[in-house]
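# Summary of the model geometry
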Amino acid sequence: MTGPRRLDRLRRLAVAVLVFEQAWPALWPALGVAGVFVCAALLGLPALLAPPLRVVLALAALLAMAWMLRRGLRQIRLPDRSMADRRLERASGLRHRPLSALADRPAGADPAATLLWQAHVARAAGMLGRLRVGLPHPGLAARDRYALRCALVVALVAAVVIAGGDAWGRLAGAVFPTLPHAAPVPAAELHAWATPPAYTGLPPLFLPPQGGPVTLPAGSHLTVGLTGGAQGVGVAQLEIAGRAQDFDRLDETSFQADLDLNTGGRFAVRRGGDELAAWQVTILIDQPPTASFPEPPGPAGQQQGRAPRLRLPWQCADDYGVVTLQAELRLRERPSAPPLLVPIPLPSGSPKSAHGTMLLDLSASPWAGLAVIGRLVARDAPGQRGESEAVEFTLPERIFQHPVAQRLMELRKALALHPEAREPVAAGLAGLAEQPQAFEGDTVVLLVLRATAALLMVEPAETAVDEAAGRMWQLALRLDEGTAERTERALTQAREAAREALEAAERKPDPETKAELDRKLQELEQAIRNHLEALREEARREQEAQPQDRNAPKQDSQALQRKAEAAREAARKGKMDEAKQQLAELDKMLQQLRNARAEHDQQAQKNGEQRKKGRQQMSAVQDLVKRQGGVLDHVQSRDAAQQGTNADPRAPGQPEPGEGPQADAERETDRRVQQALRRALGELMQQVGDLTGEIPKGLGEADQAMRQGAEALAHGEDAAAGAAAEQAIEALQQGARELSQQLAKQSANQQSGESSGQDEGDQDSNTAEGQLGSRLQDGTGTPRGGQQRSRDHGRDARRDPLGRHLREGTSGSDEGSDVAVPDQMELQRTQAIQDELRRRGAERSRPQPELDYIDRLLKQF
């Protein structure tokens with residue numbers, strides 16, 4: 001059974017191989033077309049064609065494959081059993097068709113032939129074990145001589161690799177192409193945004209498309225856009241608090257609505273009866289700005305010079321920013337008068353909050369020196385106004401020294417308070433014009449006074465009052481300042497005008513601006529000449545009044561003129577940068593001149609104060625001589641009485657003194673006066689030493705003689721006391737002559753530019769004569785106020801000009817006196833050490849032990 005079944009299985013396999021050998025060459029053309037189509041689909045080539053062409057391509061490929069497949073299948077014949085046997089025999093290498101022998105029968109009945117046939121069949125059956133089907137041989141190579149099948153396989157593999165994950169999608173798109181169809185109706189899309197006002201600085205705010213609560217600033221611009229949706233549904237509408245507003249149609253499916261929001265409420269978008277979105281809008285109302293005075297306005301502390309300034313502290317705030325801020329001042333006595341508006345500069349931009357302090361020079365205002373009511377006024381971008389509380393204060397005014405200038409300011413105040421009362425003011429101006437000697441006969445002042453009086457009486461317009469007030473102010477400045485100050489102010493104005501003209505010529509370089517710049521530079525040159533001429537005239541007057549001061553400010557007038565001419569020439573040539581540089585150098589030179597003049601005036605004022613103190617000290621020495629002479633008269637009267645002689649002829653009418661309690665009381669009084677005089681002399685010596693750096697020798701001798709006189713009076717020795725008083729008077733007179741020489745020498749050194757190096761910071765504000773008078777009262781020598789000096793100028797209690805006690809044997813410039821006077825070099829060195837100690841002691845940031853040590857050192861002074 002095994003043999004027949006195996007033979008049947010091999011026959012079936014042989015049939016399959018025979019069918020394959022026929023089918024593969026028949027199917028190859030159709031498979032080749034399919035492979036080419038698949039390769040093109042994987043590479044995405046059909047997608048490059050229009051949809052109709054893709055359909056045509058797919059149908060063409062399908063028809064080609066069907067036609068070739070039908071042609072090939074028609075050539076296939078199903079093999080029978082004999083064909084399968086022949087296939088097995090060829091594949092197994094069997095000859096003589098052994099499989100046919102198994103099925104054949106002998107034709108005769110010959111036993112010998114039968115045996116032989118049986119042997120032949122047995123031998124054929126023995127060959128069945130060698131049967132093989134073998135590999136199919138379709139013979140495609142003979143038909144495909146160029147091996148295109150291999151190239152197609154390689155192309156398919158490459159196309160699969162290139163397509164990657166999109167392989168199936170590309171195959172599906174190529175095999176099942178789709179024709180174009182009508183676009184679907186797009187879904188409706190809603191976009192809504194609000195643009196806040198520009199002054200808020202806020203960015204646009206997009207409203208949620210699904211709706212909801214929204215908070216927006218007042219004045220915001222709402223924009224709602226609707227796109228998509230089916231056509232023919234109708235125009236969209238925006239419902240606001242029950243009121244409907246149609247959208248503007250942009251095209252068939254696009255709509256837009258715009259609205260400025262000033263009130264809140266419910267906003268809904270509807271179309272075709274459907275509500276697409278709704279928002280509950282809340283409007284933020286813009287609050288007005290706020291302004292206030294953090295501190296009361298008033299004068300700006302210690303004024304420099306004679307130009308007072310108003311200190312105006314301010315602060316302001318707004319929810320979106322303050323645009324402008326100004327101070328509004330109204331006259332208290334005339335609240336209905338137009339206010340004085342003072343703009344206050346704010347930081348860059350529109351700050352939400354700001355504060356600061358402004359210094360204003362309102363001395364030129366007619367209201368200077370009068371009470372005003374001020375308030376701050378702030379404004380924001382929408383124009384809302386915020387005011388501070390009203391504050392009452394007095395505007396600082398300039399203090400004029402010239403009497404006519406003072407009178408002019410009084411008239412100006414009266415005119416500001418009562419502008420309708422012009423007659424008294426005009427009469428006052430006319431009265432000043434009738435006294436030309438009061439203003440040195442200045443023709444300009446005379447003419448302006450009369451013209452201003454006539455203006456007030458003739459011109460009825462209100463502008464005449466302001467013009468008259470301005471004229472009175474300019475006249476006051478002319479009288480009080482002098483020519484140099486006026487020319488300096490004019491020079492400053494000309495310099496600013498030239499700078500502005502230069503900037504205008506840079507921005508717009510045309511002939512008109514260049515001509516204006518040339519004119520302003522000419523005015524600047526003239527202002528420089530006028531100012532230098534005024535300075536020369538002022539220096540000439542000072543030289544006539546006192547010797548020439550080598551420290552007086554000097555400036556090369558030719559250099560200033562050359563700078564101005566160089567700037568003008570550069571501007572003519574169009575070299576604006578060079579002209580600007582020349583003007584900058586000119587400003588620097590003028591600033592140096594101004595600083596030098598200020599230093600000169602300060603030094604002159606200091607020298608004048610020193611000369612005044614010197615005169616006061618000379619007057620104090622003369623007063624000491626006079627009072628010492630009174631002590632001498634009393635002593636000589638008693639001494640003459642004791643000797644039985646007549647009274648001293650220098651003191652006629654004196655009662656004849658005698659011995660006893662009355663004489664002792666008089667001696668005690670004279671002794672106290674003598675001690676008071678000596679203490680006053682000690683203070684005077686210290687002040688002289690501080691001022692000149694050297695104590696006159698005569699004052700030291702006078703101090704010694706006063707001490708001896710006081711000791712003689714204490715012992716009842718009138719003769720010795722009289723001799724000491726005479727010696728003290730002679731020494732005081734000698735000291736006065738020496739002090740006069742020292743002051744003259746010091747003045748000469750100051751005029752020649754030499755500095756004495758003396759510190760005037762420790763000088764007492766009281767004069768020496770006033771201090772001497774405070775030490776003496778009714779000739780008793782009792783100090784006023786009950787205050788006693790801490791240092792006793794009695795025996796062995798001497799001190800140097802710095803107030804320190806001197807021990808016996810101390811050497812000095814006057815060896816015959818108990819007051820040791822160091823030389824000038826030692827005084828200067830001591831003074832420098834003292835100043836340095838005071839400077840370091842004022843620096844409280846130093847370590848505490850160092851400060852304590854400095855305080856202990858300063859206690860000695």
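Residues numbered from 1 in each chain as written. Predicted model: local features only at pLDDT ≥ 70, side-chain atom pairs only at ≥ 80, totals over all residues. Heavy atoms only, no water.

## Overview of the environment of Phe 255
Tracing the sequence through the fold places Phe 255 in strand β8 (residues 254-261). Sequence separation between Phe 255 and Ala 236 is 19 residues, and the spatial gap between their C-alpha atoms is 7.1 Å. (Helix = DSSP H or I, 4+ residues; strand = E, 2+ residues; numbered from the N terminus.)

## Comments concerning the pattern of salt bridges
Oppositely charged side chains are able to pair whenever their charged atoms sit close together. On inspection of all chains with the given rule, the structure shows 23 salt bridges. Close ionic contact of Arg 270 with Glu 275 constitutes a salt bridge, the shortest N to O distance being 3.0 Å. For Glu 275, a relative accessible area of 36% gives the class partly exposed. A salt bridge links Glu 523 to Arg 519; its shortest N-O distance comes to 2.8 Å. Taken together, the residues span about one helical turn, with Glu 523 and Arg 519 both in helix α14 (residues 511-545) at a distance of 4 residues. A residue is classified by how much of its surface remains accessible, and Glu 523, at 35% relative accessible area, is partly exposed. Overall, Arg 519 belongs to the partly exposed group, its relative accessible area being 36%. The network of salt bridges with shared partners includes Glu 328, Arg 330, Arg 375, Arg 385 and Glu 387. (Salt bridge = Lys/Arg side-chain N within 4 Å of Asp/Glu carboxyl O. Buried < 20%, exposed > 50% of the residue type's maximum accessible area, 1.4 Å probe, protein only.)

## Quick notes on unusual backbone geometry
A positive phi angle is found at Glu 440, which is not glycine, with a value near 55 degrees. Residue position: Glu 440 is located in the loop between α10 (422-433) and α11 (443-458). Taking relative accessible area as the criterion, Glu 440 reaches 64% and is therefore assigned exposed.

## A closer look at helix α2 (residues 51-74)
If you check α2, its first and last C-alpha atoms are 35 Å apart, about what 24 residues at 1.5 Å a residue would give, namely 34 Å. Of the positions making up α2, those classed as buried are Arg 54, Ala 58, Ala 61 and Gly 72. (Expected span 1.5 Å × (residues − 1).)

## Brief notes about α10
Under the 1.5 Å per step criterion, the end-to-end length of α10 is 17 Å for 12 residues, consistent within 8% with the ideal 16 Å. Three or more residues of α10 are buried, namely Arg 422, Val 425, Ala 426, Gly 428, Leu 429, Leu 432 and Ala 433. Taken around the axis of α10, the buried residues stretch over an arc of 155 degrees, which confines them to a single face. Taken together, the buried residues of α10 touch α9 (403-417), α11 and α12 (463-481). (Arc of directions from axis to C-beta. Contact = heavy atoms within 4.5 Å.)

## Things to note about the sheet that holds strand β10 (residues 274-284)
One open sheet accounts for 5 strands, arranged β3-β10-β9-β5-β6; its pairing is mixed. Edge strands, defined here as strands with exactly one partner in the open sheet, are β3 (212-217) and β6 (243-246). The mean angle between the axes of side-by-side strands here comes to 30 degrees, regardless of whether they run parallel or antiparallel. Pairing analysis gives 4 bridges linking strand β5 (residues 237-240) to β6, with the strands arranged antiparallel. When the bridges of β6 are listed, Gln 237 appears paired with Asp 246. (Pairing = 2+ DSSP bridges. Axes fitted to C-alpha atoms, helices over the stretch in contact; angles between N-to-C directions.)

## What about the environment of Glu 467?
As for its placement among the helices and strands, Glu 467 is situated in helix α12. Residues Glu 467 and Thr 452, spaced 15 residues apart in sequence, show a C-alpha to C-alpha distance of 8.5 Å.

## Overview of the confidence of the model for the protein chain
Fine structural detail should not be taken from predicted coordinates in areas where pLDDT scores are low. Here the protein chain averages 76 in pLDDT, while 77% of its residues score no lower than 70. Mean pLDDT values for the elements of the protein chain range from 37 in helix α20 (residues 768-775) up to 95 in strand β17 (residues 371-380). This model gives residues 754-822 a pLDDT under 50, and the stretch forms 144 contacts once residues within four places in sequence are excluded. (pLDDT = per-residue confidence, 0-100.)

## A short note on the pairing of strand β1 (residues 189-195)
Of the two faces of β1, the one holding Leu 190, Ala 192 and Ala 194 is buried and the one holding Glu 189, His 191, Trp 193 and Thr 195 is not buried anywhere. For β1 and strand β4 (residues 220-227), the ladder comprises 7 bridges, and the chain directions are antiparallel. Bridge pairing in β4 places His 191 opposite Gly 225.

## Quick notes on the environment of Ala 725
Tracing the chain through its elements places Ala 725 in helix α19 (residues 718-751). Taking relative accessible area as the criterion, Ala 725 reaches 1% and is therefore assigned buried. When the C-alpha positions of Ala 725 and Gln 674 are compared, they lie 9.0 Å apart, and in sequence the two are 51 residues distant. Those residues within four positions of Ala 725 in sequence are excluded, and the remaining contacts are Gln 628 and Leu 632.

## Some words on the packing of aromatic side chains
Inspection of every chain in the model, using the stated rule, returns 3 aromatic pairs. Measuring from ring centre to ring centre gives 6.3 Å for Trp 193 and Phe 206, while their planes differ by 45 degrees; the resulting arrangement is tilted. One end of the pair, Trp 193, is in strand β1; the other, Phe 206, is in strand β2 (residues 205-206), with 13 residues separating them in the sequence. Judged by relative accessible area, which is 28%, Trp 193 ranks as partly exposed. Taking the centre distance of 5.7 Å and the plane angle of 80 degrees together, the rings of Phe 400 and Trp 473 count as edge-to-face. Note that Phe 400 is positioned in the loop between β19 (391-394) and α9 and Trp 473 in helix α12, a separation of 73 residues in sequence. The exposure classification of Phe 400 matches that of Trp 473, with both residues buried. (Phe/Tyr/Trp six-rings, centres within 6.5 Å; stacked < 30°, edge-to-face > 60°.)

## Quick word on the side chain of His 402
Structurally, His 402 can be placed in the loop between β19 and α9. Here His 402 is in contact with Ala 438, Phe 439, Glu 440, Leu 479 and Asp 480, once residues within four sequence places are set aside.

## Focus: the sheet that holds β4
Spatially, the 5 strands line up as an open sheet ordered β2-β1-β4-β8-β7, and their pairing is antiparallel. What marks the edges here is a single partner per strand, and that holds for β2 and β7 (248-249).

## Section: a negative patch on the surface
On the surface, Asp 246, Asp 248, Asp 258 and Asp 260 cluster together to form a negatively charged patch. Exposure remark for Asp 246: the relative accessible area of 46% places this residue in the partly exposed category. (Patch = residues over 30% accessible without salt bridge, like charges linked within 9 Å, V, L, I, M, F, W, Y side chains within 5 Å. Areas by Shrake-Rupley, 256 points an atom, 1.4 Å probe, with all protein chains shown as cover. Lys, Arg positive; Asp, Glu negative; His and termini not counted. Charge placed at Lys NZ, Arg CZ, Asp CG, Glu CD.)

## A closer look at the packing of helix α17 (residues 661-692) against helix α18 (residues 697-714)
Between α17 and α18, whose axes approach to 9 Å, the crossing angle comes to 160 degrees. When the axes of α17 and α18 are compared, the pair comes out roughly antiparallel. Crossing handedness for the pair α17 and α18: left-handed. Contacts between α17 and α18 pair Arg 667, Asp 670, Arg 671, Gln 674, Gln 675, Leu 677, Arg 678, Leu 681 and Met 685 from the former with Leu 699, Gly 700, Ala 702, Asp 703, Met 706, Arg 707, Gly 709, Ala 710, Leu 713 and Ala 714 from the latter. Split by residue class, the contact of α17 with α18 holds 9 nonpolar, 4 polar and 6 charged. (Parallel < 35°, antiparallel > 145°, perpendicular 65-115°, else oblique. Left-handed = near helix turned anticlockwise from the far one by under 90°. Nonpolar A, V, L, I, M, F, W, Y, C, P; charged D, E, K, R; others polar.)

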